[in-house]
Amino acid sequence: MAQMKKDLTEGNVTKNMLLFAGPMIAGNLLQQFYNIADSLIVGRFLGPDALAAVGSAYTLMTFLTSILIGMCMGSGALFSFYYGRKEEGRMKDCMQLSFLLIGGATLILNAAVMLCCRPILRLLQIPAELMDMMHAYVWIIFLGLPFVFLYNYFAYLLRAVGNSVVPLCFLGSTAILNIVLDLLFVMVCRWGIGGAAAATVIAQAVSGAGLMAYTWAREPGLRFDRQHFHGEKGSLAEILRFCFSSSVQQSVMNFGILMIQGLVNSFGAVVMAAFAAAVKIDSFAYMPAQEFGNAFSLFISQNHGAGKQDRVRRGMKSALGISMAFCAAVSLLIFAAAPWLMLLFIRPEETEIIAVGVGYLRIEGAFYCGIGILFLLYGYYRGINRPEMSLVLTVISLGTRVLLAYVLAPIPQIGVIGIWSAIPMGWFLADVTGILCLKKGMVKRTAMG
């Protein structure tokens, strides 16, 4: 499907960036439906305890999958760089080595979390009344990790060569499948929280295996072959650098969120349920800005690889304007509509849960421009072959968030408000650091190979 591919090194900068980013944004929003469908159906039909369990499991699963997604993301930036330089042989070396590396990491991670399931849940301070319910849910959810790897690996591979449409098509069909199976397993078959987990895993399997089959059947240039399985030392070093930096960045980010989840859990089931619902809304609200940052990274990577620094500069200005306009509009919407959005997940009579969730959304949602800038900084540094800088910014953002949350939350007069307020503070400090590095020329563009 050559018509689905876009050469990001040619044509109108803003138009091409938006056309390329559009399917990526839509695809990631659809991916959120995997978890939102669980929460909507579980919260409405199985009650707040089941919603709290699903919410905590979502945070844990997001952390685990972020390790694999980060590795796929780092690989994608490398694929895009060599695609921009027209070095197809080097790109294939990286493709095949990274598949083996990330695939092996997936199997190890999957075995480890399934063996250590209950100790992990105890570390998260899961209340005793929710432990068995959450264990039943996450045990099934963990089975989907290999399919998460397959989907993300081939999605980033296709995006690296300018095809962001096909991954969207697969996610669209499987998001619908997930919702249908949720309704069937929970409402008709009465399988409870395990049915919601099974629906998600089946949908993940269809998207992961299906996208792999499509890539090998319809993209001959992206098939593996023996010629490129020799493991050249230079290619392996590049893959390890990009995969490690991006994976650590993503996992550090989500590990910080996991630590916040543990602090939230210590406040009891009401705050857990409110946080579970509010985080779904929050993630859905800023996800377009996050995925736009990922698309921006591939734009920068292709043009950096092609040596077109003028397009890199124009792309930066255009991306900043687009992201800020979107984030400002979403902040206004979330602030105004927070009570009604919480009612999507929580029954009207659960007024205490709704009030806590509205507080979270109105504090964090007012500052989406901060995270929009941060996503662009992540994408820029990854695109110019400095993924380590993205990691530094993530550590600053999450370190500030976790430290302030654990300092402020125990103060009786502040409580959970301290957890919510710490989040935008972390964004702001990381933004300032990233921008100062650009202004002072501390990060230099480097050519690879």
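Refer to the structure printed above.
These notes cover the structure that comes with them. (Residues numbered from 1 in each chain as written. Predicted model: local features only at pLDDT ≥ 70, side-chain atom pairs only at ≥ 80, totals over all residues. Heavy atoms only, no water.)

## Some details on the state of the cysteines
Right, so step 1: Inspection of the entire model under this criterion finds zero disulfides.
Right, so step 2: The thiol sulfur of Cys169 is not disulfide-bonded, and the nearest other cysteine sulfur, from Cys72, lies at 20 Å.
Right, so step 3: Using a relative accessible area of 46% as the deciding quantity, one classes Cys169 as partly exposed. (Disulfide = S-S within 2.5 Å. Buried < 20%, exposed > 50% of the residue type's maximum accessible area, 1.4 Å probe, protein only.)

## Some remarks on the packing of helix α2 (residues 48-84) against helix α5 (residues 128-141)
Two quantities define a packed helix pair, namely the angle between the helix axes and the distance between the axes.
Right, so step 1: Direction vectors running N to C along α2 and α5 enclose 45 degrees, while the axes themselves pass 9 Å from each other. As summarised for this structure, α2 and α5 are arranged oblique, according to the angle between their axes. Relative to α5, α2 is oriented so that their crossing is right-handed. Residues Asp49, Ala50, Ala52, Ala53, Val54, Ser56, Ala57, Leu60 and Met61 of α2 form the contact with α5, whose own contacting residues are Leu130, Met133, Met134, Tyr137, Val138 and Ile141. (Axes fitted to C-alpha atoms, helices over the stretch in contact; angles between N-to-C directions. Helix = DSSP H or I, 4+ residues; strand = E, 2+ residues; numbered from the N terminus. Parallel < 35°, antiparallel > 145°, perpendicular 65-115°, else oblique. Left-handed = near helix turned anticlockwise from the far one by under 90°. Contact = heavy atoms within 4.5 Å.)

## Observations concerning the pattern of salt bridges
Right, so step 1: Counted according to the given criterion, the structure contains seven salt bridges.
Right, so step 2: Across the pair Glu388 and Arg241 runs a salt bridge whose closest N-O atoms are separated by 2.7 Å. One end of the pair, Glu388, is in helix α14 (residues 387-408); the other, Arg241, is in helix α9 (residues 233-265), with 147 residues separating them in the sequence.
Right, so step 3: With a shortest N-O distance of 3.0 Å, Asp310 and Arg314 are connected by a salt bridge. Placement of the pair is Asp310 and Arg314 together in helix α11 (residues 309-342), with a separation of four residues, close to one helical turn.
Right, so step 4: By relative accessible area, Asp310 is classed as partly exposed at 42%. (Salt bridge = Lys/Arg side-chain N within 4 Å of Asp/Glu carboxyl O.)

## With respect to empty space enclosed by the protein
Right, so step 1: Taken as a whole and assessed by the stated rule, the structure comprises four cavities of 30 Å³ or more.
Right, so step 2: The volume enclosed by the second largest cavity comes to roughly 60 Å³.
Right, so step 3: Lining of the second largest cavity is provided by Met73, Gln249, Gln250, Met253, Gln290, Gly293, Asn294, Phe375, Tyr378 and Arg382.
Right, so step 4: Secondary structure elements with two or more residues in the lining of the second largest cavity: α9, α10 (269-305) and α13 (368-383).
Right, so step 5: Its residues assigned to classes, the lining of the second largest cavity comprises four nonpolar, five polar and one charged. (1 Å grid on protein atoms, 1.4 Å probe; cavity = no way out; pocket = protein on both sides within 12 Å on 5 of 7 lines; lining within 4 Å. Points joined across faces, edges and corners; volume = space filled by probe spheres on them. Nonpolar A, V, L, I, M, F, W, Y, C, P; charged D, E, K, R; others polar.)

## Considerations on the packing of aromatic side chains
Right, so step 1: As enumerated under the stated definition, the model contains 19 aromatic pairs in all.
Right, so step 2: For the pair Phe275 and Trp420, a centre-to-centre distance of 5.7 Å together with 5 degrees between the ring planes defines the contact as stacked. With Phe275 in helix α10 and Trp420 in helix α15 (residues 416-439), the pair connects residues that are 145 residues apart, well separated along the chain. Judged on exposure class, the residue Phe275 and its partner Trp420 are both buried.
Right, so step 3: Between Tyr360 and Trp420 the ring centres are 4.9 Å apart and the planes differ by 85 degrees, which places this aromatic pair in the edge-to-face class. Highlighted residues: Tyr360 in helix α12 (residues 351-364) and Trp420 in helix α15, separated in sequence by 60 residues. This pair shows no difference in class: Tyr360 is buried, exactly as Trp420 is.
Right, so step 4: These aromatic residues form a ring-pair network of at least three members: Phe79, Phe99, Phe149, Tyr153, Phe154, Trp216 and Phe224.
Right, so step 5: Sitting over the face of the ring of Tyr83, Lys86 holds its NZ or CZ atom 5.6 Å from the ring centroid. (Phe/Tyr/Trp six-rings, centres within 6.5 Å; stacked < 30°, edge-to-face > 60°. Lys NZ or Arg CZ within 6 Å of the ring centre and 35° of its normal.)

Nothing here speaks to function; it is geometry throughout.
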